[in-house]
Amino acid sequence: MQTKNSETNCYVNTSDHDLDANVFTQNMQKSVWHQRIQIIHCRAQHSELRHPIKRAPFRSSFSARSAILCTVASPQSAEMSSCLSELTPLLGGAANSSAAAGYICNQFTDAGYAIDTTYLLFSAYLVFAMQLGFAMLCAGSVRAKNTMNIMLTNVLDAAAGGLFYYLFGFAFAFGGPSNGFIGKHFFGLKEVPQSNFDYSNFLYQWAFAIAASGITSGSIAERTQFVAYLIYSAFLTGFVYPVVSHWFWSVDGWAAAGRNTGESLLFKSGVIDFAGSGVVHMVGGIAGLWGALIEGPRIGRFDHAGRSVALRGHSATLVVLGTFLLWLGWYGFNPGSFNVIFKTYGPSGSIHGQWSAVGRTAVTTTLAGCTAALTTLFGKRLQTGHWNVVDVCNGLLGGFAAITSGCSVVDPWAAIICGFVSAWVLIGLNKLAATLKFDDPLEAAQLHGGCGAWGIIFTALFAREKYVNEVYQGRPGRPYGLFMGGGGRLLAAHVIQILVILGWVSCTMGPLFFALHKLGLLRISAEDEMAGMDLTRHGGFAYVYHDEDSSAHDGGGGFMLKSAAARVEPRPTPVATNQV
C-alpha cells in the first residue's frame with residue numbers, strides 16, 4: 001500500500017509485513033525537517049559510492065573496475081550502515097524500521113542514478129551539437145566553391161570517429177586496469193555496461209574525440225584530398241587522442257590528477273586539465289599545425305613578394321551561427337565534465353555540492369569567452385581600423401578554449417584574466433603565422449593550440465585551493481595555483497603536459513601527414529584547387545554564385561543562396577558587331 005505524509009505530501013510504498021503504516025506516518029510527522037536533512041545526507045553518501053573519489057574529479061575514468069563494486073544496496077558497507085543507523089531511529093523503532101530505512105535510501109539511490117545519467121547524456125548531446133557549430137563555422141570560413149567539401153568532412157569526422165572510437169579509442173583511453181601509457185580493455189565496448197559506468201559515458205567521450213578531429217579539419221581546409229580526411233580522422237580518434245586522454249583523465253594515467261589512491265602523482269599534484277584545453281584543443285590544434293605545414297599555403301594566400309593576401313570566407317552569417325552553436329555546446333563541454341551532479345561537498349542540508357560547482361563552471365566559461373570577444377573587438381579595431389565580426393567570433397572561441405582546463409577550479413574574476421590574455425595570444429599568433437607564411441583558413445592551430453596552451457598555464461597560476469580540494473578529493477595538501485599561494489608544483493606538471501602533448505602529436509600526426517604527402521594522397525592538384533573542390537570532387541557547387549578570384553580582388557565574390565546540383569556553365573562571350 002501507499003502511505004502519504006501530510007507535511008511532505010509524498011507517498012511511500014509500504015506493506016503490512018514490512019512496516020506499521022501508522023507508526024511510520026506518526027514519526028514522519030514529528031520531525032519532518034530533520035528527516036529531510038538526514039535523507040539528503042544519506043543520498044549524498046550513495047552518490048559518493050556510485051562515483052568514488054578516484055572518479056569524481058574528472059570525466060569517467062573506468063579503471064580498477066573489479067575493485068570498485070556498487071555497494072549502495074548492501075547493508076554491509078560502512079556508508080550504507082551509517083545511513084541506516086541515522087535514518088532508522090527517526091522511524092520510531094518500529095518492528096521493521098531498518099527495512100523501511102533501507103527502502104527509502106535505495107529509492108534515493110535509484111533516483112540518483114537516473115539524475116546523473118540524464119545529466120551526462122544531456123551534456124553529451126550538447127557536446128555533439130558542437131559538430132553542427134564546427135560545420136557552420138567551417139562552411140562560412142571557406143570560399144563558396146569549397147563549401148560542400150568542408151561540410152562533408154565534418155560529417156565524416158563524426159561518422160568515422162564514432163566507429164573507430166568504438167572499436168579502439170575508448171579502450172585505449174579508459175580500458176583499465178592498465179598501465180600508465182595506454183588502456184587495454186573494453187575494445188568494441190566489451191564488458192559494457194558495468195556497475196560503475198554505462199553507455200552514456202562512452203557517448204560523452206566519443207563527442208570529445210570527434211571535437212578534436214574537427215579542429216584539425218579546419219587547418220587543412222580547401223586543399224586536402226578526401227581520402228586524407230578519412231585516414232587522419234580514423235587515426236586521430238582511434239589512437240592519438242585516446243592515448244593522451246588516458247594519460248590525463250584515466251585513473252591509471254601517469255599524469256592524471258585523479259590517479260588511483262596509493263599511486264604517486266606527477267609533482268604531487270598531477271595535471272588539472274578538467275575539460276581538455278590540452279587533451280582536446282592542443283591535440284587537435286597541433287595535428288592541424290602539422291597538416292597545414294606539410295601541405296603548404298593555399299594558392300593565392302601569399303603574393304609573389306611574400307605579402308599576405310586575405311582569402312576571406314564567403315559567409316560571415318554562417319560563422320556567427322556556428323559560433324553561437326559552439327557557445328551553447330561548451331555548456332556541455334565544461335560543466336558536463338563533472339559527469340555527475342548528484343553529489344554534496346558540505347554538511348547535509350547545505351548548498352555546497354557538485355550542483356554549485358557546475359554552475360560556477362558555466363559562469364567562468366561564459367566570462368572568459370565574453371572577455372576574449374570584447375578584447376579582440378577593440379584590439380583588432382586598433383590594428384586594422386575595422387569592427388570585424390569574424391575576428392570577434394574567433395576571439396570568443398579562443399577564450400573558451402583557454403578556460404576549458406581550469407573552468408572548475410578558478411574564480412569568476414580569474415576567468416576574466418584568462419579571456420583577456422587569450423585574445424592577445426590569438427592576435428599575436430595570427431601575426432606570427434602571417435610572418436612565417438603559415439596558412440590556416442580557420443586559425444585552428446593558433447586558436448586551439450595556442451590558446452589551449454595558455455589555458456593550461458593559466459590553471460597552474462590561478463587554481464584556488466578550496467575548489468581543487470572539492471573537485472579533486474582524496475589527496476589533502478594537494479598543490480594549487482602559483483599566484484594563489486600554492487607553490488610551483490602544479491605549474492611544473494602543466495609545463496610537462498604541454499611538452500608531452502606537443503611531442504606525442506608531432507611524432508604521430510606529423511609522420512602520418514608526411515607519408516600521405518609522399519604518396520600523393522594529401523593535397524589536390526593546382527587545377528582542382530583553383531576551380532574549387534565542390535565542382536571537381538563533389539559534382540557541383542553548394543550555391544549558384546558568381547565568384548571572383550580573391551587573389552586579384554581582395555573583396556571576394558558574391559553569391560545567391562540557391563541550390564545547384566549540376567555544374568555551372570560559363571556564359572557565352574558576346575559577339576562583337578560594327579554597329580555604333
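What you see is a predicted model, and the numbers here were worked out from it, not measured in a lab.

The rules behind each value
Residues numbered from 1 in each chain as written. Predicted model: local features only at pLDDT ≥ 70, side-chain atom pairs only at ≥ 80, totals over all residues. Heavy atoms only, no water. Axes fitted to C-alpha atoms, helices over the stretch in contact; angles between N-to-C directions. Helix = DSSP H or I, 4+ residues; strand = E, 2+ residues; numbered from the N terminus. Parallel < 35°, antiparallel > 145°, perpendicular 65-115°, else oblique. Left-handed = near helix turned anticlockwise from the far one by under 90°. Contact = heavy atoms within 4.5 Å. Nonpolar A, V, L, I, M, F, W, Y, C, P; charged D, E, K, R; others polar. Phe/Tyr/Trp six-rings, centres within 6.5 Å; stacked < 30°, edge-to-face > 60°. Lys NZ or Arg CZ within 6 Å of the ring centre and 35° of its normal. Salt bridge = Lys/Arg side-chain N within 4 Å of Asp/Glu carboxyl O. pLDDT = per-residue confidence, 0-100. Core = buried A, V, L, I, M, F, W, Y, C linked by side-chain atoms within 4.5 Å. Buried < 20%, exposed > 50% of the residue type's maximum accessible area, 1.4 Å probe, protein only. Patch = residues over 30% accessible without salt bridge, like charges linked within 9 Å, V, L, I, M, F, W, Y side chains within 5 Å. Areas by Shrake-Rupley, 256 points an atom, 1.4 Å probe, with all protein chains shown as cover.

> Looking at this model, I keep getting lost on the packing of helix α11 (residues 389-403) against helix α12 (residues 412-435). Mind explaining?
Helix packing for two helices is described by the angle between their axes and how far apart those axes are. Packing of α11 against α12 brings their axes to within 8 Å, and their N-to-C directions diverge by 125°. With respect to their mutual orientation, α11 and α12 come out oblique. Helix-helix and strand crossings are classified by hand; for α11 and α12 the assignment is right-handed. Only Ala 415, Cys 418, Ser 422 and Leu 426 of α12 make contact with α11, whose side of the interface consists of Asn 394, Gly 395, Gly 398, Gly 399, Ala 402 and Ile 403. Of the residues that constitute the contact of α11 with α12, the class distribution is five nonpolar, five polar and no charged.

> It is not clear to me how the packing of aromatic side chains should be interpreted in this structure. Could you clarify?
The tally for this structure, following the rule as stated, stands at 32 aromatic pairs. Between Phe 128 and Trp 206, the ring centres sit 5.3 Å apart and the planes meet at 25°, which makes this aromatic pair stacked. Here Trp 206 lies in helix α6 (residues 199-219) and Phe 128 lies in helix α4 (residues 97-141), a separation of 78 residues in the sequence. Ring geometry for Trp 330 versus Phe 333: centroids 5.8 Å apart, planes at 45°, classification tilted. Here the residue Trp 330 and the residue Phe 333 both occupy positions in helix α9 (residues 316-333), the gap between them amounting to three residues, near one helical turn. An aromatic cluster is present here, built from Phe 172, Phe 181, Phe 187, Phe 235, Phe 239, Trp 247, Phe 248, Trp 254 and Trp 504 joined pairwise through their rings. The ring of Tyr 467 is capped by Arg 360, whose NZ or CZ atom sits 3.6 Å from the centre of that ring. A cation over an aromatic ring shows up here: Arg 464 above the ring of Tyr 467, its NZ or CZ 4.8 Å from the ring centre.

> What is the right way to look at the pattern of salt bridges in this model?
Pairing is possible between side chains of opposite charge, provided their charged atoms come close. The full count for this structure, using the stated rule, is eleven salt bridges. Its salt-bridge partner being Asp 439, residue Arg 298 comes within 2.8 Å of it at the nearest N-O pair. Placement of the pair is Arg 298 in the loop between α8 (277-295) and α9 and Asp 439 in the loop between α12 and α13 (444-462), with a sequence separation of 141 residues. By sharing partners, the salt bridges in this structure join Arg 143, Glu 222, Arg 298, Arg 301 and Asp 439 into a single network.

> Please explain the confidence of the model for the protein chain as it appears in this structure.
Close inspection of predicted coordinates is inappropriate for parts of the model with low pLDDT. Confidence in the prediction for the protein chain averages 82 pLDDT; 75% of positions are at 70 or higher. Here residues 573-580 is a poorly scored stretch, pLDDT under 50, and it has zero contacts once near neighbours within four places are set aside; other chains count.

> What is the right way to read unusual backbone geometry from this model?
Most peptide bonds adopt trans geometry, and most residues besides glycine take a negative phi value. With an omega of 0°, the peptide bond running from Gly 176 to Pro 177 counts as cis. Within the secondary structure, Pro 177 is located in the loop between α5 (147-174) and α6. In this model, Val 192 is joined to Pro 193 through a cis peptide bond whose omega is 5°. Along the chain, Pro 193 turns up in the loop between α5 and α6. Phi angles above zero are rare outside glycine, and Phe 186 is one such case at about 70°.

> I tried to follow the nonpolar core on my own but got confused; where do I start?
Most often, soluble globular proteins keep nonpolar side chains buried together rather than apart. Counting 120 residues, the largest nonpolar core has Tyr 241 and Val 280 as its most contacted members. Among residues more than four places away in sequence, those in contact with Tyr 241 are Tyr 165, Phe 208, Ala 209, Ala 212, Leu 236, Trp 249, Val 279, Val 280 and Val 283.

> How should I be thinking about a nonpolar patch on the surface in this particular structure?
On the surface, a nonpolar cluster with roughly 420 Å² of combined accessible area is contributed by Leu 163, Tyr 166, Leu 167, Phe 168 and Phe 187. Along the chain, the position of Leu 167 falls in helix α5.

> Just checking my understanding: could you explain the packing of α5 against helix α7 (residues 226-249) for this structure?
Taken N-terminus to C-terminus, the directions of α5 and α7 make an angle of 40°; their axes are 8 Å apart at the nearest point. The orientation of α5 relative to α7 falls into the category oblique. Here α5 runs over α7; the crossing is right-handed. Looking at the contact of α5 with α7 residue by residue, the classes come out as 19 nonpolar, nine polar and one charged.

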